[in-house]
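Analysis of the macromolecular model
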Amino acid sequence: MYVGIDVGGTSIKYGLVDSNGNIIHKGAIATGFEKEELLQNLTIIVDEYVSGSSGGIKGIGISMPGIVKENGFLLTAGAIQSFFGLNLKQEIEERTGIFTKIENDANAVAIAEKWLGNASDKRNYVCVILGTGVGGGIVINDQVYRGHNGMAGEFGWMIIDGIKDITDIETKSITQRAAIVCGLINQYNIQARKRKEKEVTDAREIFQKEEDGEQLAIEVVDQFLDDLAVGILNLIGCFDPEIILIGGAISSNEIFIKRIQKRLIMLEKKHQSMSFLIGKGLPSVVATKLKNDAGILGAVYQVKIAQEQLNKEMSK
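Below: a short report on this structure. Not measured: the values here are computed from a predicted model.

For the protein, the count of helices and strands is 10 helices and 12 strands. The C-alpha atoms of the protein give a radius of gyration of 20 Å, which matches the 20 Å a tight globule of 316 residues would have. For the protein, the C-alpha atoms occupy an extent of roughly 60 × 45 × 35 Å along the three principal directions. Within the protein, the fraction of its 316 residues that count as buried is 47%. For the protein, the share of sequence-separated contacts (at least 6 apart) that also reach a separation of at least 24 residues comes to 61%. For the protein, the exposed area adds up to about 15600 Å²; of that, 50% sits on carbon and sulfur atoms. Taking the average location of the 34 positive side-chain charges in the protein and that of its 40 negative ones, the two points are 5 Å from each other.

Spatially, β3-β2-β1-β4-β7 is the arrangement adopted by the five strands of the open sheet, whose pairing is mixed. Sheet topology places β3 (23–30) and β7 (100–104) at the edges, where each strand pairs with a single neighbour. Taken pair by pair, the neighbouring strands of this sheet meet at an average axis angle of 15 degrees, ignoring direction. Sheet topology places strand β2 (residues 11–17) next to β3; seven bridges connect them, and they run antiparallel. Looking at the pairing, Y14 lines up with G27 of β3. Against the sheet, helix α3 (residues 105–116) contacts β4 (59–64) and β7, and its axis sits at roughly 100 degrees relative to β7.

Bringing a nonpolar patch on the surface into the picture now. Taken together, the side chains of I159, I163, I166 and I169 define a hydrophobic patch exposed on the protein surface, amounting to about 290 Å² of accessible area. Mapped onto the secondary structure, I169 falls in the loop between β10 (143–144) and α4 (174–178).

Moving on, we come to the sheet that holds strand β8 (residues 125–130). With mixed pairing, five strands are arranged side by side in an open sheet as β10-β9-β8-β11-β12. Either end of the sheet is taken by a strand with one partner, and the two such strands are β10 and β12 (284–287). Across six bridges, the pairing between β8 and strand β9 (residues 134–140) is antiparallel. By the bridge assignment, V128 is partnered in β9 with G136. In the packing of helix α7 (residues 215–239) onto the sheet, contacts are made with β8, β9 and β11 (243–247), and the angle to β8 comes to roughly 155 degrees.

A few words now on helix α5 (residues 180–194). Helix length check: α5, at 15 residues, gives a terminal C-alpha distance of 20 Å against a target of 21 Å (1.5 Å per residue), a fit within 8%. Within α5, the axis deviates most sharply at N186, by approximately 35 degrees. Of all the residues in α5, the buried ones are I180, G183, L184, I185, Y188, N189 and A192. Residues of α5 that are buried make contact with β8, α4, α6 (203–211) and α7.

Below, the discussion takes up the pairing of strand β1 (residues 2–7). Burial within β1 is extensive, with six of its six residues counted as buried. Taking every second residue as pointing to the same face, both faces of β1 are buried, with Y2, G4 and D6 on one and V3, I5 and V7 on the other. Direction of pairing for β1 relative to β2: antiparallel, over a ladder of six bridges. Following the sheet pairing, I5 is matched in β2 by Y14. Remark: three residues form the turn of the hairpin made by β1 and β2, two consecutive strands paired antiparallel. In terms of strand pairing, β1 meets β4 through five bridges, oriented parallel. The residue bridging G4 from the neighbouring strand is G61, located in β4.

Throughout the structure, instances matching the rule amount to one cavity of 30 Å³ or more. Per element, the largest residue contribution to the lining of the largest cavity is four residues, and it comes from α7. Here the lining of the largest cavity is built from residues that sort into eight nonpolar, one polar and no charged.

Summed over the entire model, instances satisfying the criterion amount to 20 salt bridges. E219 is paired through a salt bridge with R195; the nearest N and O atoms lie 3.1 Å apart. In this pair, E219 sits in helix α7 while R195 sits in the loop between α5 and α6, placing the two residues 24 residues apart along the sequence. For E219, a relative accessible area of 37% puts it in the partly exposed group. What makes R195 partly exposed here is its relative accessible area of 36%.

What follows deals with the packing of aromatic side chains. Per the stated rule, a full pass over the model turns up three aromatic pairs. Between Y14 and Y49, the ring centres sit 6.1 Å apart and the planes meet at 65 degrees, which makes this aromatic pair edge-to-face. With Y14 in strand β2 and Y49 in helix α1 (residues 35–52), this pair connects stretches of sequence that are 35 residues apart. There is no split in this pair, since Y14 and Y49 are both buried. The lysine or arginine in question, K280, covers the ring of F276, its NZ or CZ lying 4.6 Å from the ring centre.

How each quantity is defined
Residues numbered from 1 in each chain as written. Predicted model: local features only at pLDDT ≥ 70, side-chain atom pairs only at ≥ 80, totals over all residues. Heavy atoms only, no water. Helix = DSSP H or I, 4+ residues; strand = E, 2+ residues; numbered from the N terminus. Rg over C-alpha atoms; globule rule 2.2 N^0.38 Å. Buried < 20%, exposed > 50% of the residue type's maximum accessible area, 1.4 Å probe, protein only. Contact = heavy atoms within 4.5 Å. Areas by Shrake-Rupley, 256 points an atom, 1.4 Å probe, with all protein chains shown as cover. Lys, Arg positive; Asp, Glu negative; His and termini not counted. Charge placed at Lys NZ, Arg CZ, Asp CG, Glu CD. Pairing = 2+ DSSP bridges. Axes fitted to C-alpha atoms, helices over the stretch in contact; angles between N-to-C directions. Patch = residues over 30% accessible without salt bridge, like charges linked within 9 Å, V, L, I, M, F, W, Y side chains within 5 Å. Salt bridge = Lys/Arg side-chain N within 4 Å of Asp/Glu carboxyl O. Expected span 1.5 Å × (residues − 1). Bend = angle between axes of the 7 residues up to and from the residue. 1 Å grid on protein atoms, 1.4 Å probe; cavity = no way out; pocket = protein on both sides within 12 Å on 5 of 7 lines; lining within 4 Å. Points joined across faces, edges and corners; volume = space filled by probe spheres on them. Nonpolar A, V, L, I, M, F, W, Y, C, P; charged D, E, K, R; others polar. Phe/Tyr/Trp six-rings, centres within 6.5 Å; stacked < 30°, edge-to-face > 60°. Lys NZ or Arg CZ within 6 Å of the ring centre and 35° of its normal.

Honestly, that's just the spatial picture; any functional story needs more than this.
What follows is the structure, encoded as structure tokens:
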């Protein structure tokens, strides 16, 4: 058995997972942002599974936001600033005595989709996670591409337009334009304030307003779809993936997936070089399969693979 933990900005999801990826038990607690409190909570989760598991725990996999180095060092940790500069792998192994792997949350989703999801037969693909920001995982020849600092996949940092005379060009990034919270909701509320109209807190409200014919919602959603499609178009040109996986809560909305597919095709047709490749292998856009369990499963799979490789080396 393995323990999988998915640390998010709001909650910590966790589960007991067998070697085939079946989640035997799962739960969730609120995320604490104080360093020692959070470390204690992670340790308690593991200890409870250890005490309740007759067969023992083979390893711990933890999915984290931020820039995660392969050795478990957190260069950043998203909203959990107390973890910046912490080697989380080292901390958890010292507290539990169990082999641990730490993975970036978007990479964990991409890995889980390879193991049990919609990328099981793919060797080269990109996973785009839409949430507060825009994160991503890049898989090349069956391996996660991490880059020099473990930063690869920060798709939300891409700049798409209008940077002249702008001091902070991140305001023109994909995250600020095509994420759900920092993008869609924020862009709607900026315009709502200008028009002295009511602000929203949930993207579903915006889509409902669009459906009801509200002009502001129609304009903002249209721009959102364009910006997201432009970001995906850039990823296709950079990585030539077999498939583009869309993750995050919005990926459960089949209508949204169909709309972004349609918008991407429209842009591909307008792109002279890319239009030539339509029907000749351009990737399709597909929702992730594993949804809320992906972080737990992806983190566990990394532990499973690492231990299998270690066992092979020891048997030589």
